[in-house]
Structure formats: C-alpha cells, structure tokens
Amino acid sequence: MTTAPATDVTPETKDLEVVPEKAFSKTSEFIPTPEPAQRRDRTRTPSEMFEKVVFVNRCAKVVKGGRRFSFSALMVVGDNKGKVGVGFGKAREVSEAIRKGTENAKKNLHVYNIGPSTLPHEVVGAFGGGRVLLRPASLGTGLIAGGGVRAVLEAAGVKDVLAKSMGSSNAANVVKATVDALSKLRTRSQILEVRGKKRAERPAKTSQEKSE
C-alpha cells in the first residue's frame, strides 16, 4: 500500500489564515460590479415631413434576353403646415424609385395659403385632363377626399374639406390639379390688399337695425 508524499510545511504557510468559502459567497461585497451597459435606442425618430406614395407604375421593356422591368413612383411630401411638394422618380427597383421621388418632391416644396383647419374659399384646379373642386367645410367634417387629392391635402395639413375630382382619373393629373387649386387660394388680407383696402368696408347700421 503506497502512501501519498507528505507536503513540506514552511513557516510562511503557517502564518497564512485560511478563509472559509462562505465569506466569498457574495461577490458584490468586495468586487465592484460594473454598471450594465445602456441599450442603444434603435427606435427611429419620426420624420418631420409627411411622405406618401400616391402611385407606383411598372413598365416592361422587351429585349433579346427577355423583359426588363422598371418602376416609377409618384410621391407627395409636406410638413402639415401649408408646405407641399410633388415628385416623380424612376428606377429599376421600387424602393429606389420611391427614394428618388421623395428627393425630387423635397426640392419642389411650395407654401400655400390654407386656414387653421380648412380652406379660405372654394376653388377649382386643373391640369391636363384633371379637374379638382375643393370646398371649405365646417369644423369636424373631416377630409372628404380620396386618391391623390387626399394625399396632397393631408400633406398640406388640411383637416376639414369637401373635394371632388371631376376630370381624368390619371393619378399624376389629379395630384397636379390639386396643387394648382391650392396655388389659387388667397387669404382675406391678400384680397383686401389687391383691392387697395386696409379693412373690409361695411355699411353703417341704421337706427332701426341698432334697436333690433
């Protein structure tokens, strides 16, 4: 029967105290734990501009090897405060066509005269074969419009309006006719300035009207 060799006990090892394992059970008492790293906020902040795809068209070109497809996108961009732009983009992919259309629309932004919630007066816009009628509506009516007309009015920030498309149903013509209608809007102060008046001249009330 073999016995394990005895270990040499030096005087230095005798002075060392053996610390029980239970004393190291809680590591937080003697080892500072690093603070957890904050997670990166991957949520995208909403864009300041309102962007909407009105229409995407696909075009096929027949070549020797088959068909080549290209896409065109009609985009509307606005800040919901009276500023609107329309853009058109073409590319081999839909996403690229939308990107080009958005950039083009941002380059063509124009400010139009709209009220806080509706239009100052009735107006008709036309472009090509498209004709659009816009009428102001009372508070709470909502946006009674569809298609390209609705996209333009939403981007402009109009909340209450009555709209009707009376001409071509082509998306590009309808959108440009709506923009033409917005460009014809005039505020009260602008109309009075053109007439050379500082304020509206109302007839003085008679004594009978005052008594009533």
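You'll find the structure just up there.
What counts as what
Residues numbered from 1 in each chain as written. Predicted model: local features only at pLDDT ≥ 70, side-chain atom pairs only at ≥ 80, totals over all residues. Heavy atoms only, no water. Pairing = 2+ DSSP bridges. Helix = DSSP H or I, 4+ residues; strand = E, 2+ residues; numbered from the N terminus. Axes fitted to C-alpha atoms, helices over the stretch in contact; angles between N-to-C directions. Parallel < 35°, antiparallel > 145°, perpendicular 65-115°, else oblique. Left-handed = near helix turned anticlockwise from the far one by under 90°. Contact = heavy atoms within 4.5 Å. Buried < 20%, exposed > 50% of the residue type's maximum accessible area, 1.4 Å probe, protein only. Lys, Arg positive; Asp, Glu negative; His and termini not counted. Salt bridge = Lys/Arg side-chain N within 4 Å of Asp/Glu carboxyl O. Polar contact = N/O pair within 3.5 Å; in protein donor to acceptor, adjacent residues only side chain to side chain. Core = buried A, V, L, I, M, F, W, Y, C linked by side-chain atoms within 4.5 Å. Patch = residues over 30% accessible without salt bridge, like charges linked within 9 Å, V, L, I, M, F, W, Y side chains within 5 Å. Areas by Shrake-Rupley, 256 points an atom, 1.4 Å probe, with all protein chains shown as cover.

Here we come to the pairing of strand β5 (residues 123-127). One ladder, built from five bridges, connects β5 with strand β6 (residues 130-136); its direction is antiparallel. Pairing of A126 across the sheet is with R131, part of β6. Connecting β5 to the antiparallel partner β6 that follows it, the hairpin turn spans two residues, and G128 within it adopts a positive phi of roughly 60°.

Their axes nearest at 8 Å, the elements helix α3 (residues 147-156) and helix α4 (residues 171-183) cross at an angle of 40°. On the basis of their axis angle, the class for α3 and α4 is oblique. Along this stretch, α3 crosses α4, giving a crossing that reads as right-handed. Mapping the contact onto sequence places G148, V149, V152, L153 and A156 in α3 and V174, V175, T178, V179 and L182 in α4.

Strands sit in the order β5-β6-β8-β7 across an open sheet of four strands; the sheet is mixed. At either margin of the open sheet sits one strand with a lone partner, and together these are β5 and β7 (143-144). Inspection of the sheet shows β6 paired to strand β8 (residues 161-165) by five bridges, in the antiparallel sense. From the neighbouring strand, L134 faces β8, where its bridge partner is A163. Set on the sheet, α4 makes contact with β5, β6 and β8; between it and β5 the angle comes to about 135°.

The next point concerns the side chain of D79. Among the secondary structure elements, D79 is positioned in the loop between β2 (66-78) and β3 (83-91). Despite its burial, D79 remains without a salt bridge, the nearest opposite charge being carried by K83 at 4.8 Å. Of note is the side chain of D79, whose polar atom sits 3.0 Å from the backbone nitrogen of K81. Beyond its immediate chain neighbours, meaning those up to four positions away, D79 contacts E48, M49 and A155.

Before going further, it helps to examine unusual backbone geometry. Unusually for a residue other than glycine, N80 sits at a positive phi of about 60°. Inspection of the secondary structure puts N80 in the loop between β2 and β3.

Right, let's get into the nonpolar core. Counting 26 residues, the largest nonpolar core has V76, L134, L153 and L182 as the members making the most contacts within it. Secondary-structure elements contributing two or more residues to this core are β2, β3, β6, α3 and α4. Each residue touching L134, except ones within four places of it in the same chain, is listed here: L119, H121, E122, V123, V149, L153, L162, A163, A181 and L182.

Once that is clear, we can look at the pattern of salt bridges. One pass over the structure, following the stated rule, counts seven salt bridges. In this structure, the salt-bridge partner of E51 is K106, at a minimum N-O distance of 3.5 Å. Of this pair, E51 sits in strand β1 (residues 50-63) while K106 sits in helix α2 (residues 94-107), and the two are 55 residues apart along the sequence. Looking at K106, the relative accessible area reads 40%, which means it is partly exposed.

The strands making up a sheet are joined through hydrogen bonds of the backbone, oriented either antiparallel or parallel. Strands sit in the order β1-β2-β3-β4 across an open sheet of four strands; the sheet is antiparallel. Because the sheet does not close on itself, it has two edges, and the strands there are β1 and β4 (110-111). Two elements, β2 and β3, share eight bridges in a ladder whose sense is antiparallel. Residue pairing in the sheet places F71 in a bridge with A91 of β3. In the packing of α2 onto the sheet, contacts are made with β1, β2 and β3, and the angle to β3 comes to roughly 145°.

Residues V53, V56 and V94 make up a contiguous nonpolar surface patch of about 180 Å² in total accessible area. With respect to the secondary-structure elements, V94 resides in helix α2.

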